[in-house]
Amino acid sequence: MAVKVEIDPNSGFCGGVIRAIGEAEQYLDAGRGKLYSLGSIVHNEEELRRLERKGLQTVGLDKLQRLEVGSTVLIRAHGEPPATYRSLEQAGLQFIDCTCPVVLQLQKRIRKVYQEIHETGGQILIYGKVGHAEVLGLLGQVDGDAVVVENMDMYLQLREEGSLDLARPVEVFSQTTKSPEAYEGLCRRLEQDMVQASGLGLDEFRSKERLRVHNTICAQVSNRHRGLVEFAEKHSVIIFVAGKESSNGKVLCNLCRNVNERTYQVGSEEELDPSWFKDGDSVGVCGATSTPKWLLEATAKKILVLSC
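The rules behind these values
- Residues numbered from 1 in each chain as written.
- Predicted model: local features only at pLDDT ≥ 70, side-chain atom pairs only at ≥ 80, totals over all residues.
- Heavy atoms only, no water.
- Pairing = 2+ DSSP bridges.
- Helix = DSSP H or I, 4+ residues; strand = E, 2+ residues; numbered from the N terminus.
- Axes fitted to C-alpha atoms, helices over the stretch in contact; angles between N-to-C directions.
- Contact = heavy atoms within 4.5 Å.
- 1 Å grid on protein atoms, 1.4 Å probe; cavity = no way out; pocket = protein on both sides within 12 Å on 5 of 7 lines; lining within 4 Å.
- Points joined across faces, edges and corners; volume = space filled by probe spheres on them.
- Nonpolar A, V, L, I, M, F, W, Y, C, P; charged D, E, K, R; others polar.
- Polar contact = N/O pair within 3.5 Å; in protein donor to acceptor, adjacent residues only side chain to side chain.
- Parallel < 35°, antiparallel > 145°, perpendicular 65-115°, else oblique.
- Left-handed = near helix turned anticlockwise from the far one by under 90°.

## Thoughts on the sheet that holds strand β7 (residues 147-149)
Strand pairing in a sheet relies on backbone hydrogen bonds, with the paired strands running either antiparallel or parallel.
Turning to step 1, where the next piece is worked out: In space, the 4 strands of this open sheet follow the order β7-β6-β8-β9, with parallel pairing throughout. The sheet is open, and its two borders are formed by β7 and β9 (211-213), each paired with just one other strand. Ignoring strand direction, the axes of neighbouring strands in this sheet form an average angle of 20 degrees.
Turning to step 2, where the next piece is worked out: Across 3 bridges, strand β8 (residues 170-174) lies against β9 in parallel orientation. Considered in β9, the bridge of E171 is made with R212.
Turning to step 3, where the next piece is worked out: Where helix α4 (residues 101-117) meets the sheet, its contacts fall on β6 (123-127), β8 and β9, and the angle it forms with β8 comes to roughly 170 degrees.

## Here we look at the layout of surface pockets
Turning to step 1, where the next piece is worked out: Considered as a void within the structure, the largest pocket measures approximately 320 Å³ in volume.
Turning to step 2, where the next piece is worked out: Lining the largest pocket are 24 residues, and of these C14, V17, H78, T177 and T289 sit closest to its centre.
Turning to step 3, where the next piece is worked out: When contributions to the lining of the largest pocket are tallied by element, the ones reaching two or more residues are α1 (15-29), α4, α9 (219-233) and α10 (247-259).
Turning to step 4, where the next piece is worked out: Among the elements that line the lining of the largest pocket, the one with the most residues is α1, at 3 residues.
Turning to step 5, where the next piece is worked out: Tallied by class, residues from the lining of the largest pocket come to 10 nonpolar, 13 polar and 1 charged.
Turning to step 6, where the next piece is worked out: As a volume, the second largest pocket reaches approximately 190 Å³.
Turning to step 7, where the next piece is worked out: Considering the residues around the second largest pocket, the lining is formed by K129, E150, N151, K178, S179, H225, S247, K250, V251, N254, L255 and N258.

## Here's the deal with helix α6 (residues 152-161)
Turning to step 1, where the next piece is worked out: In this structure N151 caps α6, since a side-chain oxygen of it lies 3.3 Å from the backbone nitrogen of D153.
Turning to step 2, where the next piece is worked out: Looking one or two residues beyond α6, the residue adopting positive phi is G162, at roughly 85 degrees.

## Concerning the side chain of N260
Turning to step 1, where the next piece is worked out: Mapped onto the elements, N260 comes out in the loop between α10 and β11 (263-266).
Turning to step 2, where the next piece is worked out: In this structure the side chain of N260 is engaged in a polar contact, spanning 2.9 Å, whose partner is the backbone nitrogen of R262.

## Overview of the packing of α6 against helix α7 (residues 180-198)
Turning to step 1, where the next piece is worked out: Contact geometry for α6 and α7: axes closest at 10 Å, N-to-C directions at 25 degrees. Of the possible angle classes, the one that applies to α6 and α7 is roughly parallel. As for the relative orientation of α6 and α7, their crossing is right-handed in sense. In contact with M152, Y155, L156 and R159 of α6, α7 contributes G185, L186, R189, L190 and D193.
Turning to step 2, where the next piece is worked out: Looking at the contact of α6 with α7 residue by residue, the classes come out as 5 nonpolar, 1 polar and 3 charged.

Now the structure itself:
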């Protein structure tokens, strides 16, 4: 059986993850002592195991008080709420702040808007995964005073419950790694519902700026969505490599599956099934923003071995 294999050149770590892992490796390779990551530095089990062998230890917020005074903690690319920085200071801990610049800018924007909307009686809606580290960091910027919507079904439920008051102005932000298409669809539905609730015509409603949508999805992620559709369409089989906990991985894998039904997700090359491949297949290997290049390469190599 012969197959052709291509690795998507645009898959792999995003800039924020590259920076965080680079900082961790530099610290550990310099032999400066223990380094603790506050939460998983990346949502990929294979990469976590590699970094753990180097000495990186993952801890939760509840473990900070138990660390030795003066220990160094790495804040990952997802970012943290202000309360975390206060906890680090109170515990006498040093920290390396690897918050992604895109996330950091989003935190500043949502904090600024929150201060402004008190004058208009507005409210903030965050389109993102409930409980996701980045979303928790955003909630911390506004003292938790925001509505989090994970998908259209959740939006409809919150609307019916009255958790989102459509008569009040709404400022919408998105988690940086969400689907641009899904975000656009949610905002379009929100506008329709708010226009109906206001009794105004669309043009008049828009002139009053009762709804403001902020473009906060990372440009790198947005561009990857467009490129991945083309990549999935040109191959007969797609092997999507991502960790089980990767939110971005779930979104991108579903994007591939929507255009190529022969899309399979694996955590590593060990999960490949030879029955997925047929003689003459063109196999595309791609992954999430949390998938390391070396894992994509190992997966591609194993596919070639299986097809021999």
